[in-house]
Structures are given as structure tokens and as C-alpha cells.
Amino acid sequence: MSAKSVQLRDNEDQVNSLPKLASYRRIVVKIGSALLVDRVTGLKRDWLESLGTDVAMLSASGVEMMIVSSGAIALGRTVLGLPKGALRLEESQAAAAAGQIELAKAYAEVLSHHKLRAGQILLTLADTEERRRYLNARATVGTLLRLKAVPVINENDTVATTEIRYGDNDRLAARVATMMGADLLILLSDIDGLYTAPPHQNPHAQFLPVVDVITPDVEAMAGAAASEYSRGGMKTKLDAGKIANAAGTAMIIASGTRLNPLAAIDRGERSTMFKASLTPVNAWKTWISGNLEPSGRLVIDEGALVALKSGKSLLAAGVREVAGQFTRGDTVAVFGPDGREAARGLVAYDAADAVKIAGRKTNEIGTILGYDARSAMIHRDDLVVRAAKRAATAKE
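One structure accompanies this document, and this report is about it. All values derive from a computational prediction rather than experimental measurement.

Cut-off values and rules
Each chain has its residues counted from 1, following the order in which its sequence is written. Residues qualify for local features only when their pLDDT is at least 70, as the model is predicted, and side-chain atom pairs are given and counted only at 80 or more; totals for whole chains, interfaces and linings, by contrast, use all residues. Side-chain numbers here rest on the full set of heavy atoms in the structure, without hydrogens or water. The way it works is that DSSP assigns letters per residue, a run of H or I at least four long becomes a helix, a run of E at least two long becomes a strand, and they are numbered from the N terminus. Categorising residues by exposure relies on relative accessible area from a 1.4 Å probe, with only protein chains included: less than 20% of the type maximum marks a residue as buried, more than 50% marks it as exposed, and the intermediate range marks it as partly exposed. Every residue pair with non-hydrogen atoms within 4.5 Å of one another is taken to be in contact. Working definition of accessibility: Shrake-Rupley area with a 1.4 Å probe, residue cover restricted to the visible protein chains. Should a side-chain nitrogen of Lys or Arg be within 4 Å of a carboxyl oxygen of Asp or Glu, the pair is scored as a salt bridge. At least two bridges found by DSSP between two strands is the condition for calling them paired. Here an angle of 0 to 180 degrees is reported between the N-to-C directions of two axes, which are lines fitted to C-alpha atoms, with helices fitted over the stretch in contact. For classification, angles of less than 35 degrees are called roughly parallel, those exceeding 145 degrees roughly antiparallel, those between 65 and 115 degrees roughly perpendicular, and all remaining angles oblique. All amino acids are sorted into three groups, where Ala, Val, Leu, Ile, Met, Phe, Trp, Tyr, Cys and Pro are nonpolar, Asp, Glu, Lys and Arg are charged, and the leftover types, Gly among them, are polar. Two N or O atoms count as a polar contact when they lie within 3.5 Å, although within protein this holds only if one can serve as hydrogen donor and the other as acceptor, and sequence-adjacent residues are included solely when both atoms are side-chain atoms. Under the pairing criterion, centres of Phe, Tyr and Trp rings, with the six-membered ring standing for Trp, must be within 6.5 Å; the plane angle then separates stacked pairs below 30 degrees from edge-to-face pairs above 60, leaving the rest tilted. Ring-over charges, as used throughout, are those where CZ of Arg or NZ of Lys falls within 6 Å of the ring centre and within 35 degrees of the ring normal.

## Some words on the overall build of the protein
Moving on, step 1. Helices and strands together make up the secondary structure of the protein, namely 15 helices and 20 strands.
Moving on, step 2. Evaluated residue by residue, the protein yields a buried proportion of 50% over its 396 residues.
Moving on, step 3. The long-range fraction of contacts in the protein, counting pairs at least 24 apart against all pairs at least 6 apart in sequence, stands at 74%.
Moving on, step 4. Of the roughly 18,100 Å² of accessible surface on the protein, 51% is carried by carbon and sulfur atoms.

Okay, structure coming up:
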């Protein structure tokens, strides 16, 4: 038997052995705009009703369900009769204001057919990036779940601007999934999973049914968004996967273009499963690693990189470059000498002081800064190191 035949059989075995959705405790489902809204007719009611049936079936089996739904702007521009093409910020926010009412009403009606209540949650970037607001958002969503309601979550597009937004609901969904301790995140969009290259550009691209770890090689497979209504493409979905997987949340990318898309996943129709880390970080480090907008960046040398991977703190001596305007306690990204992000953590110094002590020995820091300082640039308790392992296997 050839090596290729063995590999294909192994991959099929992996797919066949994946658990059914009802076996999960808590699931977040992200809905893309193009699935919900037609540019001419507006809301795709039949599709939404089929999704409601899927959600009700899983809820009846004991799964706690959360929905992160795009579509407010797309629906609002139809409701308000706005033209095709790019919208000005104020037009987008007006569309979101009108569309969000229609979207929430539709979800409430569809879920009520199955005797389920919907609870609307609108988040801005600060609601997950600022610790106090993060905890408050988590408490609110948790209370809705305890009351057997289905939280329907979206970015608050009526007030968010380019500088203070998630940028796409894939990453928002990942942030919600990790915030709520979900064990599965499902991204429904207009593509059925990950390929070795964008399939519309490369007819020889191979489909990947299972991804063990999202490595730089896997990220290189990502393409651009395929729809005018989509903010994110495959790259943002892989960003979401990194956030989710590190916290112990598995992720599935599947096509939502068919009716009853969740039931289709259970039937074994094509999708890609991204496995959760076998060593997920704790709740504190989940918040750090999922921070979407680091305030700065540190570039470290090879010795420091080895130390981080062995579980040690980041010392100033190993820092070669400091960039960004950050203050003590902010999240910064840490890059290795190869230019790849190696870790994220809460920095112990303001940017100005970090510049002064970069590359210096610990016993020199007090003299340089003029005060007794911490020995670590980032303490290991406030540091999350990125995994780097083999990644994916092709089914065909």
C-alpha cells in the first residue's frame, strides 16, 4: 500500500471520528453577512429559519448555543435603499442602526417558533480588550445562558469606527468563544473549509479536513474575502482559530450556503476541523493571548526565544527592538528574530523605559532607570507563547 493511500485513509478516519455537535457543552456559531442577506431582497428568511431549527435541536440536547451574527449593515443598506459600493462611515453606522433592529427582530421571531428566547448583545472592541468590561460582558452573556436564552451577538457598528473595531466578526466570535469558555466555535461562510491554496485561483488546491495546529505554513494558504459583504477572508478565520485553539476551543469552518448548515456538519458534509490545543492556557492567559490589538511589539534574539519556549520570563537582555506607544500593563506582541510572532504578554515597563533597558543586563536596569525595577520585561505568568507544530493533512 502506498504512503499516499495510508495518509488518505488516516485522514478519513480522523474525519469519521470527529464528535457530533450535540456532544459539545457550549457552541458559538458565527454567521456571515452573505448568508443572511441578499442584496436585492434583503433577509434570507428561509435560511434563517433552517438555522433556527438546527439551534433548537442542539439546545434541546443540552448544548448552550451562542450566535455571533453579521448582517446589520448589509440588511440596513437594503432597508434604507442605500446604493451598492463602499459606504461612508456615517452611512455604514446609519445602516447598522436600521439593520440591527430588523436583525434582532428576525432572530427573536425565528427562535420563538421553537420556544427559545433571544438576547441581543452589542459589543465594541473595548468590551473584550479592557479587563473590567470583559468581565462584565462575560457575566451578562453567562446570565443569559443560565436563563436558557440564546445570546445573539454583533459588533456595535453604530458607534465603532475604524480605529476601535474588531474589523471582522470571525475574530469577534473567537473572542466571545474564549471569553465564555466554549468548547467549539463554528464559522459559517461562503467557503466549505481550508484548502492548500485559494481554490478559485488554483484548481489543484487540496482540501484539508483536519488541522492539528495553525502554523505559518497553514496561514500562507489563506486567500482574500470572496464577497462584497464580507470584511474577512480566510486569513481572519485563521486568526480566529489561533485565538480559539490556544484557549482549548476547537473550531470548524463550514459552508453556510446550504439550508440547515449545522445539521449538514453532523451529516459529514465537507468542513475543516481545527483542533483545540492539548495544553490550553488558563483564563487569565486566554484573555492576554486573545487580545486583538497589541499596543506595541518587542523583537527578541534567539536566546530569549529559546528561554520563552522553555517557560521562562522575558528579560530585557534578550530584547533587540521596541516599537509602539504602550504603558506598563499593556499587551505587546513578541517577535522572534525570524520576524514571526512568538508570544504575547503584559509588559512591565512603559515604552520609553523599555527602549532604555532593551539589551541590558538585569543588574544594570536600576542604574539606567533610577529606580528599583522588575527583573523581567514580561513575567512568565503574564506571557503566552505561541505553539509551533506540524499542522494539517489533506484528504484528497
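This is not the end of the story, as more comes after the structure.
## Description of the pattern of salt bridges
Moving on, step 1. According to the stated counting rule, one finds 18 salt bridges in the structure shown.
Moving on, step 2. The closest approach of N and O atoms between Arg45 and Glu49, which form a salt bridge, is 3.4 Å. With Arg45 and Glu49 both in helix H3 (residues 45-60), this residue pair falls four residues apart, about one helical turn.
Moving on, step 3. The exposure class assigned to Arg45 is partly exposed, which follows from its relative accessible area of 27%.
Moving on, step 4. A salt bridge links Arg88 to Glu91, with the nearest nitrogen and oxygen atoms 3.3 Å apart.
Moving on, step 5. Put simply, Lys30, Asp170 and Lys237 are held in one network by salt bridges that share partners.

## A few points about the sheet that holds strand E16 (residues 331-335)
Moving on, step 1. Strand order in the open sheet formed by five strands is E15-E13-E16-E17-E19, and the pairing between neighbours is mixed. Both edges of this open sheet fall to strand E15 (319-324) and strand E19 (383-385), since each of them pairs with a single strand only. The sheet shows a mean angle of 20° between the axes of neighbouring strands, direction not considered.
Moving on, step 2. Bridge count for strand E13 (residues 296-300) against E15 is five bridges, and the pairing is antiparallel. Pairing of Leu298 across the sheet is with Val322, part of E15.
Moving on, step 3. Seen against the sheet, helix H13 (residues 302-309) touches E13, E16, strand E17 (341-346) and E19 and runs at an angle of roughly 105° to E13.

## Considerations on the packing of helix H7 (residues 131-146) against helix H8 (residues 169-179)
Moving on, step 1. Relative orientation of the contacting elements H7 and H8 amounts to 75°, with a least axis distance of 10 Å. Comparing the axis directions of H7 and H8 gives the class roughly perpendicular. Residues Tyr134, Ala137 and Arg138 of H7 form the contact with H8, whose own contacting residues are Arg175, Thr178 and Met179.
Moving on, step 2. Its residues assigned to classes, the contact of H7 with H8 shows three nonpolar, one polar and two charged.

## Remarks on the pairing of strand E1 (residues 26-31)
Moving on, step 1. Burial analysis of E1 places six of its six residues in the buried class, which makes it a mostly covered element.
Moving on, step 2. Because side chains alternate across E1, one face comprises the buried residues Arg26, Val28 and Lys30, and the other comprises Ile27, Val29 and Ile31, equally buried.
Moving on, step 3. When E1 meets strand E4 (residues 64-69), the two strands line up parallel, connected through six bridges. What sits directly across from Val29, in E4, is Ile67.
Moving on, step 4. Here five bridges tie E1 to strand E7 (residues 184-189), and the two strands are oriented parallel to one another. The residue bridging Lys30 from the neighbouring strand is Leu187, located in E7.

## Structural notes on the side chain of Ser70
Moving on, step 1. Along the chain, the position of Ser70 falls in the loop between E4 and helix H4 (72-79).
Moving on, step 2. Within polar-contact distance, the side chain of Ser70 engages the side chain of Asn169 at 2.9 Å.

## So, the environment of Ile214
Moving on, step 1. In this structure, Ile214 sits in the loop between strand E10 (210-211) and helix H9 (216-219).
Moving on, step 2. A sequence separation of 61 residues divides Ile214 from Lys275, and the C-alpha atoms of the two residues are 9.2 Å apart.
Moving on, step 3. Discounting chain neighbours no more than four positions away, the residues touching Ile214 are Glu219, Leu238, Gly241, Lys242, Asn245 and Phe274.

## Quick notes on the packing of aromatic side chains
Moving on, step 1. With the rule as written, the count across this model stands at one aromatic pair.
Moving on, step 2. Sitting over the ring of Phe207, Arg270 keeps its end group 4.3 Å from the ring centre.
Moving on, step 3. Its end group placed over the ring of Phe335, Arg297 keeps NZ or CZ at 3.9 Å from the ring centre.

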